[in-house]
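This is what each chain is made of:
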Amino acid sequence: MTTGILATLQGTLAGPGQEATVSHGVVVVELAPEALLATVKRLKSELGFDLFLDVTAVDWPDREPRFDVVYHFYSTQHHFRVRLKTRVPESEPIVDSLIGLYGSARYMERECHDMYGIVFRGNADLRPILLYEGFDGHPLRKDYPKRREQPLVRFRK
Amino acid sequence: MNAHLQRPSPALEYLTTKKDELIGWARKFSLFPYPFVTACCAMEFMSVSSTLYDTDRFGAALPRFSPRQSDLLMVVGTVTHKQAPVLQKVYEQMCEPKWVIAFGVCATSGGFYQNYAALAGIDKVIPVDVYIPGCPPRPEMVIDGIMQLQDKIAGSRHPIVNEKF
C-alpha cells in the first residue's frame with residue numbers, strides 16, 4: 001500500500017525541472033515556484049492529500065536564491081506525507097498562496113510571513129499573527145541580530 | 001449573666017503594639033494572589049498551592065482572578081514583549097498596597113531566553129519585591145519567598161496609620 005502510493009507519487013510528480021526523492025519515508029519534491037499551485041492542486045484533487053500540515057521557510061544566507069519555502073501535506077486516506085520545496089530569491093520572495101485550496105493556509109502563511117518575510121500572493125491578510133504591529137524585520141532570518149529586541153512599553157529606570 | 005464574662009482574665013485586658021506592626025501583621029497573613037501564569041512554571045505553582053506544600057498556611061490561599069481584588073501579583077513564567085503591555089495594565093489595575101513576586105527564572109531575568117520575543121525580566125516593566133529564581137523553583141523556595149515577602153510587609157511602614165488612628 002505504502003510502496004504503491006510512493007511509486008505513484010514519484011511517477012506523477014517528477015517532471016521537467018522537478019524531481020521526487022524519498023527521505024525518511026517522505027516523498028520530497030523540489031519544484032519551481034511557478035509549478036507550485038498546479039502541483040498542490042493535483043496533490044489535493046487526484047492524489048488524496050487532504051490535510052495541509054505546515055508551511056515554513058529555510059534561510060540560506062549565502063545562497064542564491066536565498067530561501068527555501070517548504071510545504072508538508074498529509075493524506076488521511078493513504079497515511080502518507082509529502083514535502084514540497086521551492087526556492088525564492090531575497091529580492092522577490094513571492095510564492096502563490098494556497099488559501100484557495102486549504103483554508104488553514106491563511107494562518108500558516110501569516111506565520112511564515114512574520115518569521116521569514118515570504119510574501120504569499122493571493123493571501124490578502126498578512127498581518128502579524130505571532131509578532132505585533134510595528135515589529136521591524138523578520139526574526140528567523142539569519143541576518144536578524146540575535147539580541148535585538150523591540151519592546152512595546154517603556155522600560156523602568 | 002455569667003460571672004466569668006464580667007471579670008475577664010487580667011492578662012488579656014489590653015495589648016501593647018505599634019500601629020505599623022499591627023497593620024503589618026494583619027496584612028502579611030491576608031495576601032490575595034493574582035496568578036499571572038504564562039508558562040511551564042504553572043505546574044510548580046499548582047504544586048505549591050495544593051495540599052502537599054499548601055500556601056494556605058501563609059494566608060496566601062485564595063487566588064483572585066481580578067487584579068482589582070488582589071494585592072499580590074505572582075508572575076509565573078516567561079513574559080514576552082507582546083505581553084508586556086498586558087502585564088503593565090494588570091499591575092496598574094491593582095489597588096495599593098500591592099506586591100509583586102517574580103516566580104521562576106524567566107520572570108526574574110528572562111532566563112535562557114535572550115531573543116527577539118522574550119522580556120528579560122519583568123522588573124523592566126513593573127517593580128518586583130521578591131525574586132524566586134529556578135527553572136522551575138522548588139516549592140520550598142517559593143515558600144521561602146512568600147515568607148520573605150511577609151517579613152518585608154511586617155517590617156515596612158503602612159501609611160494607613162496616621163494621627164486619626
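Report follows, based on the coordinates. All values derive from a computational prediction rather than experimental measurement.

### Quick notes on the overall build of chain A
Secondary structure summary: chain A contains three helices and seven strands in total. Along its sequence from the N terminus, chain A presents helices and strands in the succession α-β-β-α-β-β-β-β-α-β. On the principal axes, the C-alpha backbone points of chain A span a range of 65 × 30 × 30 Å. Counting across all 157 residues of chain A, residues that qualify as buried make up 27%. Within chain A, contacts between residues at least 6 apart in sequence are counted, and of these 47% link residues at least 24 apart.

### Considering the overall build of chain B
When helices and strands are counted, chain B shows six helices and four strands. Burial analysis of chain B (165 residues in total) assigns 35% to the buried set.

### Side note on the sheet that holds strand β1 (residues 19–23) of chain A
All names here are of chain A. Across the sheet, which stays open at both edges, the five strands sit in the order β1-β2-β5-β4-β3 with mixed pairing between neighbours. Two strands close off the open sheet at either side, each with one partner strand: β1 and β3 (51–59). Along the sheet, successive strands turn relative to each other by an average axial angle of 20°, direction set aside. Summarising the sheet, strand β2 (residues 26–31) and strand β5 (residues 80–88) pair through five bridges and their orientation is parallel. Residue pairing in the sheet places valine 28 in a bridge with arginine 83 of β5. Across the face of the sheet, helix α2 (residues 36–45) comes into contact with β2, β4 (67–75) and β5 while running at roughly 175° to β5. Each of β3 and β4 is contacted by helix α3 (residues 105–116), which is oriented at about 10° to β3, the strand it contacts most.

### Side note on the interface of chain A and chain B
At the junction of the two partners, chain A supplies 13 residues and chain B supplies 10 residues. Classifying every residue of the side of chain A that touches chain B gives seven nonpolar, one polar and five charged.

### Examining the sheet that holds strand β2 (residues 72–76) of chain B
Residues and elements named next belong to chain B. Pairing in this open sheet of four strands is parallel, and the strands run β1-β2-β3-β4 from one edge to the other. Looking at the sheet topology across the chains shown, the edges are occupied by β1 (33–37) and β4 (130–132). In this sheet, neighbouring strand axes are inclined to one another by 15° on average, regardless of whether the strands run parallel or antiparallel. Alignment of β1 against β2, held across five bridges, turns out to be parallel. Counterpart to tyrosine 34 in the pairing with β2 is leucine 73. Helix α6 (residues 139–155) rests against β3 (99–103) and β4 of the sheet, and its axis sits at about 175° to β4.

### Some details on helix α3 (residues 41–49) of chain B
Residues and elements named next belong to chain B. Within α3, the full set of buried residues consists of Cys41, Glu44, Phe45, Val48 and Ser49. Relative to the axis of α3, the buried residues are bounded by an arc of 135° and lie together on one face. The inward-facing, buried residues of α3 contact β1, β2, β3 and α6.

### Observations concerning the nonpolar core
Within the largest apolar cluster, 35 residues are counted, with the highest numbers of intra-cluster contacts made by Met74, Val75, Ile101, Ala102, Phe103 and Ile122 of chain B. Mapped by element, the contributors of at least two residues to this core are β1, α3, β2, β3, α5 (105–109), β4 and α6 of chain B. Once you skip the residues sitting within four places of it in the chain, alanine 102 of chain B turns out to touch Val75, Ala107, Thr108, Ile122, Val128, Tyr131 and Ile132 of chain B. Ranked by size, the runner-up nonpolar core spans 30 residues in total, among them Ala57, Phe67, Val82 and Cys112 of chain A.

### Describing α6 of chain B
Residues and elements named next belong to chain B. Taking 1.5 Å of rise per residue, the 17 residues of α6 would be expected to cover 24 Å, and the 24 Å separating its terminal C-alpha atoms lies within 8% of that figure. When α6 is considered as a whole, its buried residues turn out to be Val142, Gly145, Ile146, Leu149, Gln150 and Ile153. Taken down its axis, α6 places every buried residue within 140° of arc, on the same side. Seen from the buried face of α6, the exposed residues on the opposite side, beyond 90 degrees, are Glu140 and Gly155. Where α6 is buried, its residues touch α2 (19–28), α3, β3 and β4.

### Points about the environment of cysteine 112 of chain A
Residues and elements named next belong to chain A. Among the structural elements, cysteine 112 can be located in helix α3. Taking the C-alpha atoms as reference points, cysteine 112 and leucine 140, 28 residues apart in sequence, are found 9.5 Å from one another. Apart from the residues within four sequence positions on either side, cysteine 112 is in contact with Val55, Thr56, Ala57 and Ile118.

### A word on the packing of α3 of chain B against α6 of chain B
Residue and element names in this part refer to chain B. It is the contact of α3 with α6, at a shortest axis distance of 9 Å, that shows an interaxial angle of 70°. Between α3 and α6, the angle falls in the class roughly perpendicular. Together, Glu44, Ser47 and Val48 of α3 and Pro139, Val142 and Ile143 of α6 make up the contact between the two elements.

### Examining unusual backbone geometry
Cis geometry marks the peptide bond from glutamate 64 of chain A to proline 65 of chain A, where omega comes out at -5°. Within the secondary structure, proline 65 of chain A is located in the loop between β3 and β4. Note that the residue after cysteine 135 of chain B, namely proline 136 of chain B, is joined by a cis bond; omega there is -5°. Here proline 136 of chain B is to be found in the loop between β4 and α6. A positive phi angle, close to 50°, is found at histidine 24 of chain A, a residue other than glycine. Its identity is not glycine, yet aspartate 54 of chain B carries a phi of approximately 60°, on the positive side. The topology assignment puts aspartate 54 of chain B in the loop between α3 and β2. A residue is classified by how many C-beta atoms lie within 10 Å of it, and aspartate 54 of chain B, with 13 of them, is partly exposed.

Conventions we followed
- Along each chain, the written sequence defines residue order, and numbers are assigned to residues from 1.
- All chains are assigned letters beginning with A, and all ligands numbers beginning with 1, in the order in which they are written.
- The predicted nature of this model means local features are confined to residues of pLDDT at least 70 and side-chain atom pairs, given and counted, to a pLDDT of 80 or more, with totals for whole chains, interfaces and linings taken over all residues.
- Numbered from the N terminus, helices here are DSSP runs of H or I no shorter than four residues, and strands are runs of E no shorter than two.
- Between the buried cut of 20 or more and the exposed cut of 12 or fewer other C-beta atoms within 10 Å of a residue's own C-beta lies the partly exposed class, and all C-beta atoms are placed from the backbone.
- Residue pairs are scored as contacts if the distance between their C-beta atoms, which are placed from the backbone, is within 7 Å.
- At least two DSSP bridges between two strands are required for those strands to pair.
- A fitted line through C-alpha atoms represents every axis, and for helices the fit uses only the stretch in contact; the resulting angles, taken between N-to-C directions, go from 0 to 180 degrees.
- Residues are grouped as follows: Ala, Val, Leu, Ile, Met, Phe, Trp, Tyr, Cys and Pro are nonpolar; Asp, Glu, Lys and Arg are charged; all remaining types, including Gly, are polar.
- Of all possible arcs, the one meant is that of the directions from the helix axis to the C-beta atoms.
- What makes a nonpolar core is a set of buried Ala, Val, Leu, Ile, Met, Phe, Trp, Tyr and Cys residues, with links drawn between C-beta atoms within 7 Å.
- Here, expected helix span is obtained from the residue count minus one, scaled by 1.5 Å.
- Each angle gets one of four labels, with under 35 degrees taken as roughly parallel, over 145 as roughly antiparallel, 65 to 115 as roughly perpendicular, and the rest as oblique.

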